[in-house]
Amino acid sequence: MENGYDASLSYEAYEQKGYLNEDFHFFHIKTEESFDIPFHYHDFHKLILILDGTVKYNIEGLEYDLMPFDFVLVNRFMIHKPEIEAQPKGRGYDRIILYLSDDFLSKYGLLDSFDKAKELKSYVVRFPANISAEIFNMFETVEADEKKQDKEYAGRLTTRLDLMKALIAFNKACIMEDFGFKPEARYNRKIIEIIEYIGNNLNKDLSIDLLADKFYMSKYHMMRTFKNETGYSIHQYISEKRILLARSYIMGGMPATNACIECGFRDYSSFSRAFKNQLGIMPSEVKI
């Protein structure tokens, strides 16, 4: 599908969506007021270029203080939250945001930057000034395309091609510039270890007692700290990660009953109920 664009919508209207019905969505927003967005995740990848403002970003327990011309990569299904403070008078939190479908990036081989971020567990890229400026200029071209795409010959196709050129340049820079993935993040080491363990063992027993014993923590302290660091209870986090994994399996052709077992659910009724509560559809209604 082609991209969509509506400059009249607020940032909150976009941020709260958990789905994307097109290959990509580009928008450029500047705000001066502070506002709170809860922890959440998306069914698509998100790339943000910070242009100005005071903002922090929390991604799966890692908190970053962002600077102008930082690129933030938020992989699909990763729990994240921006923290936007009130901005100095005359300035604002200025950013370019790209929503990118996994199918679109996979089709054209443009997932390298997101794959590398996940591999390195580092989700903010800080390039040398000349590289950042080059990619920013390409994003500006896409923005100009967006504003006139319905008025010019092959305008939508031009937007798509220019966006792909920008993504190619960004991916090349991520592959070649290893040092770009090194901005420091604040984190609680124990919580990061628990998150990693959960992600690698979704098909196994992940009871609170087991996790507390494995990581040598009081279970009440562990639950409280996990909630403070991620915005999710441990039980909610595990359940949502299991459901998302199960949906991926089902979309890949695995029977729902098998996906239930592979993702650590003890019985199909609790699995289907959790699936419906989280995604709004039954496992049998997932489109393959």
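Residues numbered from 1 in each chain as written. Predicted model: local features only at pLDDT ≥ 70, side-chain atom pairs only at ≥ 80, totals over all residues. Heavy atoms only, no water.

Trainee: Explanation requested: the pattern of salt bridges in the structure shown.
Mentor: Side-chain pairs of opposite charge can arise whenever the charged atoms involved come near each other. Taken as a whole, this structure holds twelve salt bridges when the rule is applied. The salt bridge involving Asp 70 is made with Arg 126; its shortest N-O contact spans 2.7 Å. Here Asp 70, found in the loop between strand 5 (62-65) and strand 6 (71-74), pairs with Arg 126, found in the loop between strand 9 (124-125) and helix 4 (129-148); they are 56 residues apart in sequence, far enough to count as distant. Under the relative-accessibility criterion, Asp 70 is labelled buried at 0%. The class for Arg 126 is partly exposed, based on a relative accessible area of 30%. Look at the salt bridges and you will find they share partners, linking Asp 43, Arg 76, Asp 102 and Arg 247 into a network. (Salt bridge = Lys/Arg side-chain N within 4 Å of Asp/Glu carboxyl O. Helix = DSSP H or I, 4+ residues; strand = E, 2+ residues; numbered from the N terminus. Buried < 20%, exposed > 50% of the residue type's maximum accessible area, 1.4 Å probe, protein only.)

Trainee: I'm lost on the state of the cysteines in this one. Help?
Mentor: In a disulfide, the sulfur atoms of two cysteines are covalently bonded to one another. Counted by the stated rule, this structure contains zero disulfides. Cysteine Cys 260 is unpaired, with the sulfur of Cys 263 as its nearest cysteine sulfur at 8.2 Å. (Disulfide = S-S within 2.5 Å.)

Trainee: How should I be thinking about the side chain of Ser 272 in this particular structure?
Mentor: On the secondary structure map, Ser 272 appears in helix 11 (residues 268-279). From its side chain, Ser 272 meets the backbone oxygen of Ser 269 in a polar contact 3.0 Å long. Apart from residues lying up to four places away in sequence, Ser 272 is in contact with Met 282 and Pro 283. (Polar contact = N/O pair within 3.5 Å; in protein donor to acceptor, adjacent residues only side chain to side chain. Contact = heavy atoms within 4.5 Å.)

Trainee: Help me understand the confidence of the model for the protein chain in this model?
Mentor: The predicted coordinates should not be examined in detail at positions where pLDDT is low. When pLDDT is averaged across the protein chain, the result is 87; 91% of the residues are at 70 or more. Between the elements of the protein chain, mean pLDDT differs from a low of 43, seen in helix 1 (residues 11-15), to a high of 96, seen in strand 6. Counted against residues more than four places away or in other chains, residues 1-17, with its pLDDT under 50, gives 47 contacts. (pLDDT = per-residue confidence, 0-100.)

Trainee: I tried to follow the sheet that holds strand 1 (residues 24-31) on my own but got confused; where do I start?
Mentor: Consider a sheet: its strands pair through backbone hydrogen bonds, and that pairing is either parallel or antiparallel. Taken in spatial order, the five strands line up as 1-8-3-6-9 in an open sheet, and their pairing is antiparallel. The open sheet has two edge strands with one neighbour each: strand 1 and strand 9. By the bridge criterion, two bridges tie strand 6 to strand 9 in an arrangement that is antiparallel. Residue pairing for strand 9: Phe 71 is matched across the bridge by Val 125. Helix 3 (residues 112-120) rests against strand 3 (45-52), strand 6 and strand 8 (93-100) of the sheet, and its axis sits at about 80° to strand 6. (Pairing = 2+ DSSP bridges. Axes fitted to C-alpha atoms, helices over the stretch in contact; angles between N-to-C directions.)

Trainee: What is the right way to read helix 3 from this model?
Mentor: Note: α-helices contain 3.6 residues per turn, so residues at a spacing of three or four share the same orientation. For helix 3, the full list of buried residues reads Ser 113, Phe 114, Lys 116 and Ala 117. Mapping the buried residues of helix 3 onto a view down its axis gives an arc of 165°, with all of them on the same face. Exposed and facing more than 90 degrees away from the buried side of helix 3 are Lys 118 and Glu 119. Buried positions along helix 3 lie against strand 3, strand 6, strand 8, helix 2 (102-107) and helix 5 (155-176). Positive backbone phi, at 55°, marks Lys 121, one or two positions downstream of helix 3. (Arc of directions from axis to C-beta.)

Trainee: I'm lost on helix 8 (residues 219-230) in this one. Help?
Mentor: Between the first and last C-alpha of helix 8 there are 16 Å, a value that for twelve residues agrees with the 16 Å anticipated at 1.5 Å per step. All of the buried residues in helix 8 are Met 222, Thr 225, Phe 226 and Thr 230. Taken end-on, helix 8 shows its buried residues confined to a sector of 105°, consistent with a single buried face. What points out from helix 8, more than 90 degrees from its buried face, is the exposed set Tyr 220 and Asn 228. Buried residues along helix 8 sit against helix 6 (189-200), helix 7 (208-214) and helix 9 (234-251). Within two residues after helix 8, Gly 231 carries a phi angle of roughly 85°, on the positive side. (Expected span 1.5 Å × (residues − 1).)

Trainee: Any chance you could explain the packing of helix 6 against helix 8 here in plain terms?
Mentor: The angle between the axes and the distance between the axes are what describe a pair of packed helices. One way to put it is that helix 6 packs onto helix 8 with a least axis distance of 10 Å and a crossing angle of 90°. By the criterion of interaxial angle, the relationship of helix 6 to helix 8 is roughly perpendicular. Along the contact surface, helix 6 presents Ile 191, Ile 194, Ile 195 and Ile 198, while helix 8 presents Met 222, Thr 225, Phe 226, Glu 229 and Thr 230. A class-by-class count of the residues in the contact of helix 6 with helix 8 yields six nonpolar, two polar and one charged. (Parallel < 35°, antiparallel > 145°, perpendicular 65-115°, else oblique. Nonpolar A, V, L, I, M, F, W, Y, C, P; charged D, E, K, R; others polar.)

Trainee: Help me understand the sheet that holds strand 5, please; the structure alone is not making it clear to me.
Mentor: Pairing within the open sheet is antiparallel, and its four strands lie in the order 2-7-4-5. Of all strands in the sheet, those with a lone pairing partner are strand 2 (35-36) and strand 5, marking the two edges. Relative to strand 7 (residues 80-84), strand 4 (residues 55-59) runs antiparallel, the two being bridged by five bridges. The residue bridging Ile 59 from the neighbouring strand is His 80, located in strand 7.

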